[in-house]
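The residues making up each chain are set out below.
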Amino acid sequence: MPRRRTAALLAAALLAAVLSGCSGNAGPAGRGVDPVEPPKATTPAPGVPAGTAPGGSFAVGVRQLKLNRGGDRPLPVTIWYPARGAAGGTPERSTPAAAGRFPVVMFSHGLNGRPDDYATLLARWAKAGLVVAAPTFPHTARGGDGNVLDVLNQPADVSYALTRVLALDAKAGDPLRGRLATDRVAAAGHSAGGVTTIGLFTAGRDDRLDAGVVFAGTALGVGTAFAGAAAPQLFVHGEADEVVGYASGRAAYDRVPWPKAMLSLPKGDHGRALLTDGAALRVVSDTTVEFLRWTLYGDAAAKGRLPAEAVRGGLATLDDRL
């Protein structure tokens, strides 16, 4: 096994051990989880105004934003965005943004990962009309010191990065000036990034967020109570996940008090469906695109397409409580 893959699994296994020690929600791997009655939402759903998501596909631009929170937490952010030009091909740097205003999705990478690891998925979101901003975290990214517990600081990192990204909409001379729908924002993340994302809706609730997508994530014991205005959630989890057991993800999902759905991949492991282009990634990307079109554009037709996209080809099942 390649050294990088071995290190990633060991680090991820450590994360799983930390999570199982900190959380009272984790159960044995598999589907054997007793559902719990979720708490009531504290405020009514925000209700994104009804609209229609772009029907076509955009070219994709990519850029870097150098941020630093507090002077000692460098947070370089990679941004994928809808760009001018013909759709297709690989994302290009410094390409002018397409006309229009586009919702923003903040994406958090997994332990020992980096945003570019997820480039195929995130570029597909940008092609569908979303601006995707992905910070590289200072301690849990590949090349960092591997401090697993620093994941507790990452929700605040994402909120800080979100503030700076949204400010680009009003920054004179910036390529994204006038291109961001600053009132339509979601958070998403994989593994430790999924923990980070759940944190943004629990202990570190960011009230600007309208929706969340959690890939192979679970909740820490210090942040299991979902709070604030209702924000629909989509969980995506492999039933054969060898790092964060399916039961742990299901337990976090069961506690969501808002509209929610869980895409389960019967043969899915911890991350291959996100990192490797193939049939499983297509199901995941198409399902998440429709979910984000519905939650951020208010596109009711996209919500109606969700079940069909999710079960296409028999690669997944969908628990739909939206």
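Each value, and the rule that gives it
- Residue positions are counted from 1 within each chain, in the order its sequence is given.
- Local features are withheld for residues below a pLDDT of 70 in this predicted model, meaning they are given only at 70 or higher, and side-chain atom pairs are given and counted only at 80 or more; totals for whole chains, interfaces and linings count all residues.
- Note: side-chain values were computed over all heavy atoms of the structure, leaving out hydrogens and water.
- We place a 1 Å grid over just the protein atoms. Points where a 1.4 Å probe fits but has no way out form a cavity, open points with protein on both sides within 12 Å along at least 5 of 7 lines form a pocket, and any residue with an atom within 4 Å of a point lines it.
- Grid points are joined across faces, edges and corners, and a volume is the space filled by probe spheres set on the points.
- In DSSP terms, a helix is any run of H or I states spanning at least four residues, a strand is any run of E spanning at least two, and both are numbered starting from the N terminus.
- Under the grouping applied here, Gly and all other residues not named as nonpolar or charged are polar, the nonpolar ones being Ala, Val, Leu, Ile, Met, Phe, Trp, Tyr, Cys and Pro and the charged ones Asp, Glu, Lys and Arg.
- Here, expected helix span is obtained from the residue count minus one, scaled by 1.5 Å.
- Accessible area is worked out with a 1.4 Å probe on protein chains only. A residue is then buried under 20% of its type maximum, exposed over 50%, and partly exposed in between.
- A residue's pLDDT is simply how confident the predictor is in it, with values from 0 to 100.
- Contacts: residue pairs with any heavy atoms within 4.5 Å of one another.
- In these notes, a set of buried Ala, Val, Leu, Ile, Met, Phe, Trp, Tyr and Cys residues joined through side-chain atoms within 4.5 Å is what counts as a nonpolar core.

Section: the layout of surface pockets
So, point 1. Put simply, the second largest pocket is a space of about 240 Å³.
So, point 2. The wall of the second largest pocket is formed by 14 residues, among which L265, K267, G268, A280 and L315 lie closest to the centre.
So, point 3. The leading source of residues in the lining of the second largest pocket is helix 7 (residues 279-297), at three residues.
So, point 4. Its residues assigned to classes, the lining of the second largest pocket shows seven nonpolar, four polar and three charged.

Quick word on helix 7
So, point 1. Between its terminal C-alpha atoms helix 7 stretches 26 Å, which fits the 27 Å expected from 19 residues at 1.5 Å a residue.
So, point 2. Counting buried positions along helix 7 gives 15 out of 19 residues, so the element sits mostly inside the fold.
So, point 3. In the stretch just after helix 7, G298 is the one whose phi turns positive, near 70 degrees.

Here's the deal with the confidence of the model for the chain
So, point 1. For the chain, mean pLDDT is 86; residues scoring 70 or higher make up 84% of the total.
So, point 2. Between residues 1-14, whose pLDDT stays under 50, and residues either more than four places distant or in other chains, the model counts 14 contacts.
So, point 3. Low pLDDT, under 50, characterises residues 16-41; the predicted model gives this stretch 45 contacts beyond four residues in sequence or across chains.

Here we look at unusual backbone geometry
So, point 1. Its identity is not glycine, yet N112 carries a phi of approximately 65 degrees, on the positive side.
So, point 2. Not every positive phi belongs to a glycine, and S191 is a case in point at roughly 60 degrees.
So, point 3. By the secondary structure assignment, S191 is in the loop between strand 8 (180-190) and helix 4 (192-199).
So, point 4. With relative accessibility at 3%, the residue S191 sits in the buried group.

Some details on the nonpolar core
So, point 1. Ranked by internal contacts, the top residues of the largest apolar core, which has 85 residues, are I79, W80, F107, L122, W125, F215 and L292.
So, point 2. No other element matches helix 7, which puts nine residues into this core.
So, point 3. Apart from residues no more than four positions distant in its own chain, W125 is found in contact with V105, F107, L130, V132, A188, F215, S285, T288, V289 and L292.
So, point 4. Among the nonpolar cores identified, the runner-up in size contains six residues, and L111, V148, A192 and L220 belong to it.

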